[in-house]
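# Architecture and fold: a report
In case you want the letters, here they are:
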Amino acid sequence: MFVLKNFLMRFPFQNATKESLVAFAMLLPSLIFLTAFTYWPILRSLYFSFHDVMLGSDKIFFLGWENYERVLTDSLFWKSFRNTAFYTLITIPLAIVCALLLAVALDTKIRGVALYRSAFFYPVMIPSVAAGMVWVFLYAPGYGPINGMMDALGLPKLEWLYSSEWALPAIMVMSIWKYSGYFMLILLAALQLVPRDLYEAAKLDGVSTWHQLVHITVPLISPTIYFVVIIGILHSYQIFDYVFVMTQGGPADSTNVLTLYIYQNAFQYQDIGFASTVANMLLVFIGILIALIAATLGRRVHYLGR
Amino acid sequence: MTSTKLPISRRHFLQVGAGAITAAGMLGTTPLFASGTDVVKLQFMYPVGVSGDINRIVTGMINNFNASHEKVQVEPIYAGSYDNTEQKVMTSLGVGETPATWLPINSALQTFLGMDALADVTAMAKADDIYQDFLPGFLSICESEEKLYGLPFQCSTPVLYYNKDLFAKAGINKAPDTWTELMETAKALTIRNGADVSQWGLTFGGGWHDWIFESFVRQNALVPWQKDKVMFDAPEAIDALEFWVKMVKEGVMPSASTWQGSANDFMAGRTAMLYHSTGSLANLRKSSPFEVGVAFMPKNKTYGATIGGGPILMAKNQPDAHLQASWTFARWMTNTQNQTHWCKETGYIAARKSSWEGEELKAFANEVPAAKVALDQAAYAGAFLQVPGYHKVREYLKSALDRTLAGEIDPTSALKDATKQSNREIERLMRRRA
């Protein structure tokens, strides 16, 4: 950058122009990638959604709003929409609460804390396909350890991934296990920045640990919590790998989610136009959801010292 | 879960796991044709569509083929389920790296024809004994407008499997032969403790229940599709779904199941009767700790069955020498001897008359009368849902069945909706083709 700046300095620009040129030069690399792999595909999928486009064929036919009309009357679309929303609404809050409790518990100077932190972070390091396969085994109705445990505790054994009632909750449990460690790490980093003297003062005033958590910790790391909520929602709306590995959307579409439905339409049914339409709907939903969260949760975020 | 279930399920788990890993490893595909040598190298993509050790059997056959053919070498590519396999082929068609031969479900024929992907092998078949020796019903699943596009390899129909021990315990000595008897038998075999069902009377293999459903519609004397439309909302079809709903409401049948899970349930004695593919016969017999009975699917107006399983199809876009080699391979996989062994080892129905006339299969049918049930039932069987856009149409139908059985919607509205959506999809594809 220094070289670039020197190079630009030799030209008799106004200072402001120079500055914006430097800025543009610095943005250029990421702009190229964003354009090629994000903005261009979005525009293309918008174009495709108004057309009949088939995978492996050059022929494209204009349809107008037909794809959108089909999406809105498609029961399977609404089912996968409901499944995705249910998954997000339950998984993300629970994972964040777990992560917060873990982070607070591991933000102390107990012996071997690094080991505990690694242990809880470990699920994040397992590739999701491998993790999915392992949980398929854990959930197996006949010989799976989870049903073994249920049996030992005197609870009824369940069909888990084979049951249309329990398959989605089963995947959600696994997701919480996988997300918590990741969120924990982010929250832990934020906790390190909370001034210790606040806790000392609270302790002198006889404030309980619970109240310290609610009135000191949570407000002071609220920007990070906010970040984790947004990241969590984006992650959970993209959930694909677990479902693909563990249930393929079944049984009876009880675990079909929007990304899988897009994939099925594009690659199993070769209907790129319809898949693009669903993808655009997903984009709109996420946009609305993020806007809602920004307008509610985002307003309550407390930025220390700003 | 009984302890008897343990080895079966574990083995299946390992098998599926290994399959998934193999499939994942294959995502970077190898080039299609070898160049500069006399040996023609072909790829063969195939699925495992039933419960059992099919992958090992297919690979074994291909090893034998390679050992006995110097000029042709076939690389077996296990690609997962039927859907996975078809999808892999379609994707490879899109990028021009199609395998030379593959094995889809017969219903995908129109889809591949729509993509102009299939070699017409009518002339080669006419120069051979294909038209004389294959059972006509099975050959017809590879035909469109009197042209032949493949050779039937793994032919199946759903059959009714029943647990003879549980039948004896309930004092029933014969398999049901009509829908009414089916309902009565299922009622007599269902065991519940309060709200919990410890033994179902009947389970349909989920995931392919649309295939089983078409059999029920055929038992009402209707084929619910033509080459350019479906009639899932015909009275015959609505009646069939109403019968299913009745069985679920009576509590003799679960409202949903999975393909593998239902087979496991049967082997573990958690369901007394099972509708599943004939291709699962060998495995169910081998792995069940009780005597397995096999019967025709009960009739209503008539007996009826849908042919599942698939033909070996050959790619159009390949040099003549490769097409010739593909034919040699397909021809070999379906020769009399191999169809006999394949039938004995899996339960898939041998597609050749000469296999059934041979001593080996005759002796086997005497020893295992169940093997012959499928063949006899095949006289009432026809191809499964051969319409353009089969994958999506199937999904519409399955979704209609699932929602109805889950009690979310009534049979008539569900099937009307599925018909409307399916026909719209078929129209779209026909319009593309025109």
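Because the structure is a prediction, the values reported are computed rather than measured. (Residues numbered from 1 in each chain as written. Chains lettered and ligands numbered in written order. Predicted model: local features only at pLDDT ≥ 70, side-chain atom pairs only at ≥ 80, totals over all residues. Heavy atoms only, no water.)

The next subject is the overall build of chain A. The secondary structure content of chain A amounts to 14 helices and two strands. Relative to a compact globule of 306 residues, whose C-alpha radius of gyration would be 19 Å, chain A shows 24 Å and is clearly more extended. Overall, chain A is about 80 × 75 × 35 Å in size when its C-alpha atoms are taken along their principal axes. For chain A, the proportion of its 306 residues judged to be buried stands at 45%. Contacts in chain A between residues at least 24 apart in sequence constitute 67% of all its contacts with a sequence separation of at least 6. Surface accessibility of chain A: about 16700 Å² in total, with carbon and sulfur atoms responsible for 71%. For chain A, the centre of its 18 positive side-chain charges and the centre of its 16 negative side-chain charges are spaced 13 Å apart. (Helix = DSSP H or I, 4+ residues; strand = E, 2+ residues; numbered from the N terminus. Rg over C-alpha atoms; globule rule 2.2 N^0.38 Å. Buried < 20%, exposed > 50% of the residue type's maximum accessible area, 1.4 Å probe, protein only. Contact = heavy atoms within 4.5 Å. Areas by Shrake-Rupley, 256 points an atom, 1.4 Å probe, with all protein chains shown as cover. Lys, Arg positive; Asp, Glu negative; His and termini not counted. Charge placed at Lys NZ, Arg CZ, Asp CG, Glu CD.)

With that settled, the discussion passes to the overall build of chain B. Looking only at helices and strands, chain B has 20 helices and 15 strands in total. At 21 Å, chain B has a C-alpha radius of gyration in line with the 22 Å of a compact globule built from 434 residues. The buried share of chain B, taken over its 434 residues, is 62%. Of the contacts made within chain B by residues no fewer than 6 positions apart, 75% connect residues no fewer than 24 positions apart. Here chain B displays about 16200 Å² of accessible surface, and carbon together with sulfur accounts for 52% of that area. Each charge class in chain B was averaged separately, 42 positive and 44 negative side chains, and the resulting centres sit 2 Å apart.

For the coordinates displayed, the defined rule picks out 47 aromatic pairs over all chains. Arranged with centres 6.1 Å apart and planes meeting at 25 degrees, the rings of Phe33(A) and Phe37(A) form a pair that is stacked. With Phe33(A) and Phe37(A) both in helix H2 (residues 15-48) and four residues apart, the pair spans about one turn of that helix. A relative accessible area of 62% places Phe37(A) in the exposed class. Centroid distance Trp160(A) to Trp166(A): 5.8 Å. Interplanar angle 70 degrees. Geometry classified as edge-to-face. The class of Trp166(A) is partly exposed, set by a relative accessible area of 35%. Each member of the aromatic cluster is reached from another via a ring pair, and the members are Trp179(B), Phe204(B), Phe213(B), Phe216(B), Phe243(B), Trp244(B) and Tyr275(B). Above the ring of Phe274(A), the side-chain terminus of Lys392(B) is found at 4.1 Å from the ring centroid. Here the basic side chain of Arg394(B) rests over the ring of Trp208(B), its NZ or CZ set 3.8 Å away from the ring centre. (Phe/Tyr/Trp six-rings, centres within 6.5 Å; stacked < 30°, edge-to-face > 60°. Lys NZ or Arg CZ within 6 Å of the ring centre and 35° of its normal.)

In this complex, chain A contributes 39 residues to the contact, which on the side of chain B involves 36 residues. Of all residues in chain A, Tyr143(A), Tyr162(A) and Tyr269(A) bury the most surface against chain B, accounting for 19% of the area lost on that side. For the pair chain A and chain B, the number of links is nine salt bridges. The partner of Lys392(B) in a salt bridge is Asp271(A), with the nearest N and O atoms 3.0 Å apart. Where the side of chain A that touches chain B is concerned, the elements lending two or more residues are strand S1 (51-53), helix H3 (66-72), helix H4 (75-105), helix H6 (128-139) and helix H13 (258-268) of chain A. Of all the elements, H13(A) adds the most residues to the side of chain A that touches chain B, at four residues. Its residues assigned to classes, the side of chain A that touches chain B comprises 18 nonpolar, ten polar and eleven charged. (Buried area = accessible area lost by both parts, 1.4 Å probe. Salt bridge = Lys/Arg side-chain N within 4 Å of Asp/Glu carboxyl O. Nonpolar A, V, L, I, M, F, W, Y, C, P; charged D, E, K, R; others polar.)

Counting across every chain of the model gives 29 salt bridges over all chains. Between Arg331(B) and Asp129(B) there is a salt bridge whose closest N-O contact spans 3.6 Å. Separated by 202 residues along the polypeptide, Arg331(B) in helix H14 (residues 320-333) and Asp129(B) in the loop between helix H5 (122-126) and helix H6 (130-133) bring together distant segments of the chain. Looking at Arg331(B), the relative accessible area reads 22%, which means it is partly exposed. Residue classification places Asp129(B) among the partly exposed positions, given a relative accessible area of 28%. The closest approach of N and O atoms between Asp265(B) and Arg270(B), which form a salt bridge, is 2.4 Å. Connected through shared salt-bridge partners, Asp52(A), Arg70(A), Asp271(A), Lys392(B), Glu425(B), Arg428(B), Arg431(B) and Arg432(B) make up one network.

Another aspect to go through is the sheet that holds strand S8 (residues 191-193) of chain B. All names here are of chain B. Spatially, five strands are ordered S8-S9-S12-S7-S13 in an open sheet, and the strand pairing comes out mixed. Two strands lie at the open edges of the sheet, namely S8 and strand S13 (292-295), each paired on one side alone. Averaged over neighbouring strand pairs, the angle between their axes works out to 30 degrees when direction is ignored. For strand S7 (residues 158-163) and S13, the ladder comprises four bridges, and the chain directions are antiparallel. Within S13, the residue paired with Tyr161 across the bridge is Val294. (Pairing = 2+ DSSP bridges. Axes fitted to C-alpha atoms, helices over the stretch in contact; angles between N-to-C directions.)

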